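Chain and residue survey
Each chain, written out:
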Amino acid sequence: MWQGRFITAKREGKWEYVSRSRGIRAAVILAIEDGHVLLVEQYRVPPGKTCIELPAGLVGDHEDNANEDSAIAATRELEEETGYRAETMENCGEYYSSPGMVSESFCLFRARGLTKVGEGGGVDGENITVHRVPLTQLSGFIERKRQDGAGIDVKLMLFLETS
């Protein structure tokens with residue numbers, strides 16, 4: 001139906017959905033250490049508001065890295081977005097965030113051995129705010145952000161329910 005640089009709108013029978021263009025994938029990073037979790041906050045155009053999310057990024061989104069390894073992308077994205085470097089990235093599997101509408105999957109990685117190496121904030125004007133939240137205060141943090149009008153990524157809420 002339509003294709004842009006990063007997404008493609010498709011139709012299969014009566015079903016309409018969106019996929020990533022050119023085989024682009026995503027990596028999401030769960031970074032917990034010393035009783036704290038790293039979260040990012042940034043403005044997202046689709047909901048029209050800032051959102052609280054686990055750090056994440058695209059894999060293979062540039063022509064020069066189309067065959068990029070997801071763990072390498074996760075390591076890069078964690079450092080770009082949060083300013084933390086991980087010793088290891090454990091692949092926790094592939095997941096689909098909204099399979100009725102989007103064919104995109106993401107690999108969930110567990111970052112271990114975190115070291116602060118920079119300020120984070122993202123690249124190319126992403127304007128990411130980094131939050132290092134004590135796990136014991138996570139529910140309250142999320143509720144305050146929700147009351148302030150922030151969107152909450154469902155992946156984070158599922159994490160809250162299982163932690």
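Quick note: structure is the one above.
Anyway, here's the lowdown on the structure attached to this text.

The rules we used
- Residues numbered from 1 in each chain as written.
- Predicted model: local features only at pLDDT ≥ 70, side-chain atom pairs only at ≥ 80, totals over all residues.
- Heavy atoms only, no water.
- Helix = DSSP H or I, 4+ residues; strand = E, 2+ residues; numbered from the N terminus.
- Buried < 20%, exposed > 50% of the residue type's maximum accessible area, 1.4 Å probe, protein only.
- Contact = heavy atoms within 4.5 Å.
- Areas by Shrake-Rupley, 256 points an atom, 1.4 Å probe, with all protein chains shown as cover.
- Phe/Tyr/Trp six-rings, centres within 6.5 Å; stacked < 30°, edge-to-face > 60°.
- Lys NZ or Arg CZ within 6 Å of the ring centre and 35° of its normal.
- Patch = residues over 30% accessible without salt bridge, like charges linked within 9 Å, V, L, I, M, F, W, Y side chains within 5 Å.
- Salt bridge = Lys/Arg side-chain N within 4 Å of Asp/Glu carboxyl O.
- Core = buried A, V, L, I, M, F, W, Y, C linked by side-chain atoms within 4.5 Å.

**As for the overall build of the chain**
Tallying secondary structure elements over the chain gives three helices and eleven strands in all. What you see in the chain, going N to C, is helices and strands ordered as β-β-β-β-β-β-β-α-β-β-β-α-β-α. Burial status across the chain gives 42% buried among its 163 residues. Across the chain, every contact between residues at least 6 apart in sequence was considered, and the portion connecting residues at least 24 apart equals 60%. Element-wise, carbon and sulfur atoms account for 50% of the exposed surface of the chain, whose accessible area totals about 9400 Å².

**Description of the packing of aromatic side chains**
Under the counting rule described, the total for this entry stands at one aromatic pair. When the ring centre of Phe106 is taken as reference, the NZ or CZ atom of Lys155 above it lies at 5.2 Å.

**Regarding the environment of Ile24**
As for its position among the elements, Ile24 is in the loop between strand E3 (15-20) and strand E4 (25-33). What makes Ile24 buried here is its relative accessible area of 5%. Along the primary structure Ile24 and Glu68 are separated by 44 residues, whereas in three dimensions their C-alpha atoms are 9.6 Å apart.

**What about the environment of Leu30?**
Relative to the elements of secondary structure, Leu30 occurs in strand E4. As for Leu30 and Ala111, which are separated by 81 residues in sequence, their C-alpha atoms are 6.0 Å apart.

**Regarding a nonpolar patch on the surface**
A cluster of nonpolar side chains, Met1, Trp2 and Ile7, forms an exposed patch at the surface whose accessible area comes to about 350 Å². Positionally, Trp2 belongs in strand E1 (residues 2-3).

**Here we look at the nonpolar core**
By size, the foremost hydrophobic cluster in this structure holds 17 residues, and its most contacted members are Val37, Leu39, Ile52 and Ile142. At four residues, E4 tops the list of elements feeding residues into this core. Ignoring anything within four residues of it in the chain, the contact list for Ile52 reads Leu39, Val40, Glu41, His131, Phe141, Ile142, Lys145, Ala150, Gly151, Ile152, Asp153 and Leu156. Counting 15 residues, the second largest nonpolar core, distinct from the first, contains Ala31, Ala74, Tyr84 and Cys107.

**Observations regarding the pattern of salt bridges**
Opposite charge on two side chains permits them to pair, given that their charged atoms come into close proximity. This structure, assessed with the given rule, holds eight salt bridges. One network of salt bridges, with partners in common, ties together Arg76, Glu77 and Glu80.

On their own, these measurements won't tell you what the molecule is for.
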